[in-house]
Amino acid sequence: MSAGQRLPGTPEPMYTIDTDAGLRLAADAWGDPDAPLVMLLHGGGQTRHAWKGAGEALGAAGYRAVAFDARGHGDSDWAGEGGYEQGVMVDDLNAMIRAFGDRPAALVGASMGGGVGLLAAGERRADVSALVLVDIAPQMEHDGVARIMAFMQRHADGFASLDEVAEAIQGYQPHRRRSANPEGLAKNVRQGSDGRYYWHWDPAFLQVRRDFEMRRQRLENGARQLRVPTLLVRGALSDVLSEAGARAFLADCPHAEYVNVSDASHMVAGDGNDIFLDSVREFLGRAVVSGAGPGQRVTGGR
């Protein structure tokens, strides 16, 4: 099930992967299939397209970069009511890792995707070589999270045009320059039988009853158990992860590295792409071990 028809010109997924749960997930990949594996996990309400620039850059830098639509998002199947607990998303991640080589994977996760990555690595539920958390930590700011949820719940009756979609996004991210061509937003929506445009996610995803205190405790426990090389990247303008929240994570995970990207908000990868990419490439170049032999490391420029 989906929100409607894909619009003409929307990029087709390069791959579709079947999970153990019977869902089909859409994915794109870049780089040598035998290179060190990097899984790119998007945030709630996003799609794999949020990682296109990063995926291409990491592929060119010597990695096998894979971005996939989480269940209920983009071109992936909807799971429906009760199908969006973080644990099942970790299962989906494992299905993707198996499909793309069944070897240790570095995880780069933004917001929701970062939470999935933290659980996968901290709870030893996946074979993880390194972890990059993008504006996500156990201690999040309630007002910032509420603003995201309010945006996703708004416009449930759809949009009459792509210009209206552009206006909604501009209202949510006023610091970003509005795209001159709203046609580029076609991949973010689907067209219903009534001709209106609807967001690409399953409404049931927003109906999940989230116990944020229990979630925080679980993520904190995961952070304390992290043993893989870890990098936390925060947007300095973020209203979702504060500096205090970042410092709390670093106290729980003392070996983690930290980068604070100036002039970037919660959407760090899009707001400060060059700084973000440079930080991730440099970190992975030191942290990810090549399959070529013990102790050999892959540099970001290889």
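Please read these numbers as outputs of a predicted model, since none were measured by experiment.

**Looking at the environment of P138**
Thought 1: Here P138 is to be found in the loop between β6 (128–134) and α4 (142–153).
Thought 2: Taking the relative accessible area as the measure of exposure, P138 reaches 4% and is therefore buried.
Thought 3: In this structure the C-alpha to C-alpha distance between P138 and G83, which are 55 residues apart in sequence, comes to 22 Å.
Thought 4: In contact with P138, not counting residues within four places along its chain, are L118, R215, R216, L219, E220, A223 and F249.

**Some thoughts on the nonpolar core**
Thought 1: Membership of the largest hydrophobic core comes to 68 residues, with the highest contact counts inside it found for M39 and F249.
Thought 2: Among the elements that take part in this core, helix α3 (residues 112–122) stands out by supplying six residues, more than any other.
Thought 3: Apart from residues no more than four positions distant in its own chain, M39 is found in contact with V66, F68, L93, M96, I97, A105, A106, L107 and V108.
Thought 4: Listed in part, the 30 residues of the second largest apolar core include V38, A269, V280 and L284.

**Notes on the sheet that holds strand β5 (residues 105–110)**
Thought 1: Within the open sheet, the eight strands sit side by side as β1-β2-β4-β3-β5-β6-β9-β10. Their pairing is mixed. Lying at the two open borders of the sheet, with one neighbouring strand each, are β1 (15–18) and β10 (257–261). With direction set aside, neighbouring strand axes in the sheet form an average angle of 25 degrees.
Thought 2: Looking at chain direction, β5 and β6 are connected through six bridges and run parallel. Looking across to β6, one finds that A106 is bridged to A130.

**What about unusual backbone geometry?**
Trans peptide bonds make up most of the peptide bonds, and negative phi angles are found at most residues other than glycine.
Thought 1: The phi torsion at R124 lies on the positive side, around 55 degrees, for a residue other than glycine.
Thought 2: Among the structural elements, R124 can be located in the loop between α3 and β6.
Thought 3: Even without a glycine there, the phi angle at H155 is positive, about 60 degrees.
Thought 4: With respect to the element layout, H155 can be found in the loop between α4 and α5 (162–172).
Thought 5: A relative accessible area of 31% means that H155 is categorised as partly exposed.

**Looking at the packing of aromatic side chains**
Each aromatic ring pair is specified by the distance between its two centres and by the angle formed by the two planes.
Thought 1: Under the criterion given, the structure shown has six aromatic pairs.
Thought 2: For the ring pair Y15 and F100, a centre distance of 5.2 Å and an interplane angle of 85 degrees mean the geometry is edge-to-face. Within this pair, whereas Y15 is found in strand β1, its partner F100 is found in the loop between α2 (86–99) and β5, the two being separated by 85 residues in sequence.
Thought 3: A residue is classified by how much of its surface remains accessible, and Y15, at 33% relative accessible area, is partly exposed.
Thought 4: An aromatic cluster is present here, built from F151, F159, W199 and W201 joined pairwise through their rings.

What counts as what
- Residues numbered from 1 in each chain as written.
- Predicted model: local features only at pLDDT ≥ 70, side-chain atom pairs only at ≥ 80, totals over all residues.
- Heavy atoms only, no water.
- Helix = DSSP H or I, 4+ residues; strand = E, 2+ residues; numbered from the N terminus.
- Buried < 20%, exposed > 50% of the residue type's maximum accessible area, 1.4 Å probe, protein only.
- Contact = heavy atoms within 4.5 Å.
- Core = buried A, V, L, I, M, F, W, Y, C linked by side-chain atoms within 4.5 Å.
- Pairing = 2+ DSSP bridges.
- Axes fitted to C-alpha atoms, helices over the stretch in contact; angles between N-to-C directions.
- Phe/Tyr/Trp six-rings, centres within 6.5 Å; stacked < 30°, edge-to-face > 60°.

What is shown is where atoms sit, not what they do.
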